[in-house]
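# Residue-level structural notes
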Amino acid sequence: MSRQIIVGNWKMNGTSRDSQALVQALLAGLPASVPDVVICPPFTQLALLTDTLKTTSVALGAQDCHKDASGAHTGDISAPMLTDLGVSYVILGHSERRQEHGELDETVREKAVAAGKAGLTPIVCIGETEDQRDSGEHFDTLGWQIKGSLPDGFSGILAYEPIWAIGTGRAATTDEIAETMKFLREELVRQFGESGKTIRILYGGSVNDKNAASILSITDVAGALVGGASLKAEAFLSIVGAASAA
Ligand SMILES: O=C(CO)COP(=O)(O)O
């Protein structure tokens, strides 16, 4: 199996003091043979952490970017600004942004294009609601999200995060994840041809130190996008350890 990738999405958490303490604890505990580890702090911590992480194997990601490179967009941050800071990844289309900011597939696609142009690796999130899963519409929903959110020639990472599993402590079961991964791979190949075979797929939604090993061993799961557990050094390190062993 190829090297896995573990991404910590800190969401809107982290003062300078917390962030430094968390990162120092992570660096102190990283196993010798590590998977790709990415942390995505809030924008305010990026500059400080670029400096701290410069000579380490931990990469930095942002949690969003604008679709334009510059211009009159008060409060926004562009992809080239992130590259300029030394950021390598950007999470796009997270369900919290889709829900709280009304982000549509089309916007996510434009942001993914901007991220790629700036040299960032986009991590595009998709996922169904509980109602959509209960009514058996989840695969249709995911198929449409892939079609709408991923640009032609997409070469980033796809993150499957069922909305009902985010922050609930109720991760999808290994059967649900395995079945969905199979669907997503088929859909990527149907929509992108040969290159659809190489797009890495992460699972996210209540991943923790207890369930990481079983989730990471599911066929086609290339890693995890971790929210709450990425704020606790011990739990995050244990997930990283599970990926090293997978
Ligand atoms: O939204 C997530 C990561 O992007 C998942 O969050 P939790 O791990 O807290 O469920």
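Residues numbered from 1 in each chain as written. Predicted model: local features only at pLDDT ≥ 70, side-chain atom pairs only at ≥ 80, totals over all residues. Heavy atoms only, no water.

If you look the protein chain up in an unreviewed UniProt entry, it shows as Triosephosphate isomerase from Acetobacter senegalensis. The annotation that UniProt attaches to the protein chain under Sequence similarities (unreviewed entry) is "Belongs to the triosephosphate isomerase family." UniProt's Subcellular location (unreviewed entry) comment on the protein chain is quoted here verbatim: "Cytoplasm". (UniProt positions renumbered as here; feature names shortened; annotations may be inferred.)

### Remarks on the overall build of the protein chain
Broken down by element type, the protein chain carries 10 helices and eight strands. A compact globule built from 246 residues should have a C-alpha radius of gyration of about 18 Å, and the protein chain, at 17 Å, falls within 12% of that. Principal-axis analysis of the C-alpha atoms gives the protein chain an extent of 45 × 45 × 30 Å. Considering the protein chain as a whole, with its 246 residues, one finds that 50% of them fall into the buried category. Within the protein chain, residue pairs in contact and separated by at least 24 positions form 71% of the contacts whose partners lie at least 6 positions apart. Roughly 11,200 Å² of accessible area belongs to the protein chain as shown, and the carbon and sulfur atoms make up 51% of that amount. In the protein chain, 20 positive and 30 negative side-chain charges are present, and the distance between their average locations comes to 4 Å. (Helix = DSSP H or I, 4+ residues; strand = E, 2+ residues; numbered from the N terminus. Rg over C-alpha atoms; globule rule 2.2 N^0.38 Å. Buried < 20%, exposed > 50% of the residue type's maximum accessible area, 1.4 Å probe, protein only. Contact = heavy atoms within 4.5 Å. Areas by Shrake-Rupley, 256 points an atom, 1.4 Å probe, with all protein chains shown as cover. Lys, Arg positive; Asp, Glu negative; His and termini not counted. Charge placed at Lys NZ, Arg CZ, Asp CG, Glu CD.)

### Notes on the site of the ligand
Surveying the vicinity of the ligand reveals 13 residues, the closest of which are Lys-11, His-94, Gly-167, Ser-206 and Gly-228. At 2.9 Å, a side-chain N or O of Glu-161 approaches an oxygen atom of the ligand. For the ligand, an oxygen atom lies 2.9 Å from a polar atom in the backbone of Gly-227. Notes on the ligand: free accessible area 310 Å², of which the protein chains cover 95%. Of all the cavities here, the one that holds the ligand is the second largest pocket. For the shell around the ligand, the class distribution of residues is four nonpolar, seven polar and two charged. (Near = heavy atom within 4 Å. Polar contact = N/O pair within 3.5 Å; in protein donor to acceptor, adjacent residues only side chain to side chain. 1 Å grid on protein atoms, 1.4 Å probe; cavity = no way out; pocket = protein on both sides within 12 Å on 5 of 7 lines; lining within 4 Å. Sits in = over half its atoms within 2 Å of the grid points. Nonpolar A, V, L, I, M, F, W, Y, C, P; charged D, E, K, R; others polar.)

### A short note on the layout of surface pockets
By volume, the largest pocket amounts to about 460 Å³. Together, 17 residues line the largest pocket, and Lys-11, Met-12, Gln-63, Arg-97 and His-101 are the ones closest to its centre. A total of three residues in the lining of the largest pocket trace back to one element, the largest contributor, which is helix H4 (residues 95-100). Class assignment of the residues belonging to the lining of the largest pocket gives a composition of five nonpolar, six polar and six charged. Of the voids in this model, the second largest pocket is the one considered here, and its volume is about 280 Å³. Around the second largest pocket, the lining is made up of 20 residues, and of these Gly-167, Ser-206, Gly-227, Gly-228 and Ala-229 lie nearest the centre. (Points joined across faces, edges and corners; volume = space filled by probe spheres on them.)

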